[in-house]
Amino acid sequence: MTDLAVVSSLARAAVHPDPAFPRFHPRPAQGWINDPNGISYINGRYHVFFQYNPLSARHHQIQWGHVSSPDLVRWEEHPVALVPQAGGPDSAGCWTGVVTLDGDVPTAAYSGVQDHGGHSQVVIARGSSDLVTWEQNGHVAASMPSDPLVTAVRDPFIFHFNGSRYAMQGAGLADGRAALLLYTVDSLDDWKYQGIWLTTADPIAARHTPAEIWECPQLVQVPSGSGSQWVIMFSLWLSGDDHEHANGVGHLIGSLSADPETGLPVFTPESGGKSDFGRDFYAPQMVQLSSGSSPSALLFGWANEGPGRDGRRGRTQAEIDDAGWSGVLTHPRVLSVADGALVVTPVPEVSAYRGALVASGASGSVAVPEFAEVLVAGAAGPVELVLGSGRDRQVVYRGELAAGEELRIFLDASLVEVYASNSVATTLRAYPAPGESWTLDVPPGATADVWELALPQ
């Protein structure tokens, strides 16, 4: 794979006919995408898979798309990785899952659904060393638990603790609680169900992660002061969501310990909160890059299309169909814990997209290009990112800049990501009409530096 081939993935986005199409977040030119899947770093490349329907901009007959990068900046698009197998356990879709190494063999563990509306099973597929070609033989590693209390199961995630490999799945229970199910995974081909692990009966979980089903559960160890803490993240499903996701994404921060009788891990939540303040963020996936004394974890999320909220114009389904594409993944994000709260920042590598500095130390009302990075710092006060003017004026983002805080804002056509220091991000979608421009209003005494985004050479 040459560098030129990798750069061409984002270069193709620069000539996309839809002005709302992001240029600095990799995705296929057409089709529906949603949850990031199988995030991994193998043989010197980052791999990101995602739920994908290449045939239309609608959520149907889900496959796994695939992009990879040597540096989280230059991305190459690969052929579809996993497809539904006629008559197989995934005949109605290859849904959310992970990629891990089984020995030296890249292995996917994902939710396979055999009929629409049916129960999911954990299906295993094996990949080539470059993760580009995959063998799907329909092997099921875990079926729906026989426990009558468990009514819905989805989205396997694998983690390691005390030298052993475990897995969990999100679930919904007959009494209305959301839950996590725990498995021991001595062999990736045969998961052993250990029971219900955590539920919204826990008061901290009930407060910070209310849901009927915990979707896309993730568990990683992240730096916290001089040590580390464990973070569980959930997408908070409610009946009738239909991609609206009113509860968004939440997390719990806590510790893992070994049960003195069974040796199985026990998660004890200590605090929690929202994992993103935007309504257009769902189904993130995290990956543990290192553990032990220097833990680190990476996160990608999904920003969906849809109707406008909070005074913002959105896209109708007819407009999405006409555009021929739906959904985008966020920038990769790094996680840490400070003073008991989750901190989310963009990976340092995305600074490579900075092009010309078009404003330095600007104040008041600042013009911002449609593809830009903005750094706001200085005096405390309200910050507004505005699209258009007059009667069509939309306040896309409104936040409060605290003393000593910085705001880092990325605009990529219709995708807005805002990162506040010592906090989580805010992910939003907004669609400029022809001739509309962006303006950032900063408080007196604060300043903004603005870079136009450009592909790295």
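Rules of the game
Residues numbered from 1 in each chain as written. Predicted model: local features only at pLDDT ≥ 70, side-chain atom pairs only at ≥ 80, totals over all residues. Heavy atoms only, no water. Pairing = 2+ DSSP bridges. Helix = DSSP H or I, 4+ residues; strand = E, 2+ residues; numbered from the N terminus. Axes fitted to C-alpha atoms, helices over the stretch in contact; angles between N-to-C directions. Buried < 20%, exposed > 50% of the residue type's maximum accessible area, 1.4 Å probe, protein only. pLDDT = per-residue confidence, 0-100. Contact = heavy atoms within 4.5 Å. Core = buried A, V, L, I, M, F, W, Y, C linked by side-chain atoms within 4.5 Å. Phe/Tyr/Trp six-rings, centres within 6.5 Å; stacked < 30°, edge-to-face > 60°. Lys NZ or Arg CZ within 6 Å of the ring centre and 35° of its normal.

Draft legend 1. Up close: the sheet that holds strand E6 (residues 105–113). If you trace the four strands from one edge of the open sheet to the other, you get E5-E6-E7-E8, paired in antiparallel fashion. Each end of this open sheet is capped by a strand with a single partner; those strands are strand E5 (94–102) and strand E8 (134–142). The average angle at which neighbouring strand axes cross in this sheet is 30°, direction not considered. Here six bridges tie strand E7 (residues 120–127) to E8, and the two strands are oriented antiparallel to one another. Within the sheet, the bridge partner assigned to Val122 lies in E8 and is Ala142.

Draft legend 2. Geometry of the pairing of strand E1 (residues 31–42). Along E1, eleven of the twelve residues are buried, which leaves the element largely enclosed by surrounding structure. Across two bridges, the pairing between E1 and strand E19 (residues 325–326) is parallel. Its bridge partner being in E19, Trp32 is matched across the sheet by Ser326. Direction of pairing for E1 relative to strand E2 (residues 45–53): antiparallel, over a ladder of seven bridges. Considered in E2, the bridge of Tyr41 is made with Tyr46.

Draft legend 3. Region of the structure containing the confidence of the model for the protein chain. Within the protein chain, residue pLDDT values average 93, and 96% of them lie at 70 or more. Ignoring residues within four places in sequence, the model shows residues 1–7, a span with pLDDT below 50, making ten contacts including any to other chains.

Draft legend 4. Representation of the pairing of strand E24 (residues 365–368). Judged by which residues are buried, E24 turns out to be one-sided: Val366 and Val368 face inward and are buried, whereas Ser365 and Ala367, on the alternate face, are not. As judged from the four bridges shared by E24 and strand E31 (residues 438–441), these two strands associate in the antiparallel manner. Of the residues in E31, the one forming a bridge with Val366 is Leu440.

Draft legend 5. Expanded view of the nonpolar core. In terms of nonpolar packing, the biggest core is built from 89 residues, with Phe159, Trp191, Trp197, Trp214 and Leu219 touching the most fellow members. When residues of this core are assigned to their parent elements, the largest contribution, seven residues, is made by strand E11 (residues 178–187). Core analysis: the second largest hydrophobic core is formed by 27 residues, Leu387, Val418, Ala446 and Ala448 among them.

Draft legend 6. View of the sheet that holds strand E9 (residues 150–161). Spatially, four strands are ordered E9-E10-E11-E12 in an open sheet, and the strand pairing comes out antiparallel. With partners counted over all chains shown, the strands left at the sheet margins are E9 and strand E12 (190–199), one partner each. Across the sheet, the mean angle separating the axes of adjacent strands is 25° when strand polarity is ignored. As judged from the nine bridges shared by E9 and strand E10 (residues 164–173), these two strands associate in the antiparallel manner. Each residue of the ladder has a partner; that of Arg154, found in E10, is Gly170.

Draft legend 7. Spatial organisation of the environment of Cys216. Relative to the assigned elements, Cys216 resides in strand E13 (residues 213–224). The sequence separation of Cys216 and Ala283 amounts to 67 residues, and the corresponding C-alpha distance is 5.9 Å. Ignoring anything within four residues of it in the chain, the contact list for Cys216 reads Asp35, Thr96, Asp155, Met233, Phe234, Ser235, Ala283 and Pro284.

Draft legend 8. Spatial organisation of unusual backbone geometry. The backbone phi angle of Leu131 is positive, close to 65°, even though this residue is not glycine. For Leu131, the position within the fold is in the loop between E7 and E8. You will see that Asn422, though not glycine, has its phi angle at about 65°, which is positive. Residue position: Asn422 is located in the loop between strand E29 (415–420) and strand E30 (425–429). Accessibility expressed as a relative area gives 61% for Asn422, which makes it exposed.

Draft legend 9. Local environment of the packing of aromatic side chains. Here the structure, examined in full by the defined rule, presents 17 aromatic pairs. Ring geometry for Phe159 versus Tyr166: centroids 5.7 Å apart, planes at 25°, classification stacked. One exposure class covers both Phe159 and Tyr166, and it is buried. An aromatic cluster of at least three residues, connected via ring pairs, comprises Phe49, Trp64, Tyr110 and Trp134. Of note, Arg154 hangs over the ring of Trp237, and the distance from its end group to the ring centre comes to 5.6 Å. Here the basic side chain of Arg354 rests over the ring of Trp451, its NZ or CZ set 3.8 Å away from the ring centre.

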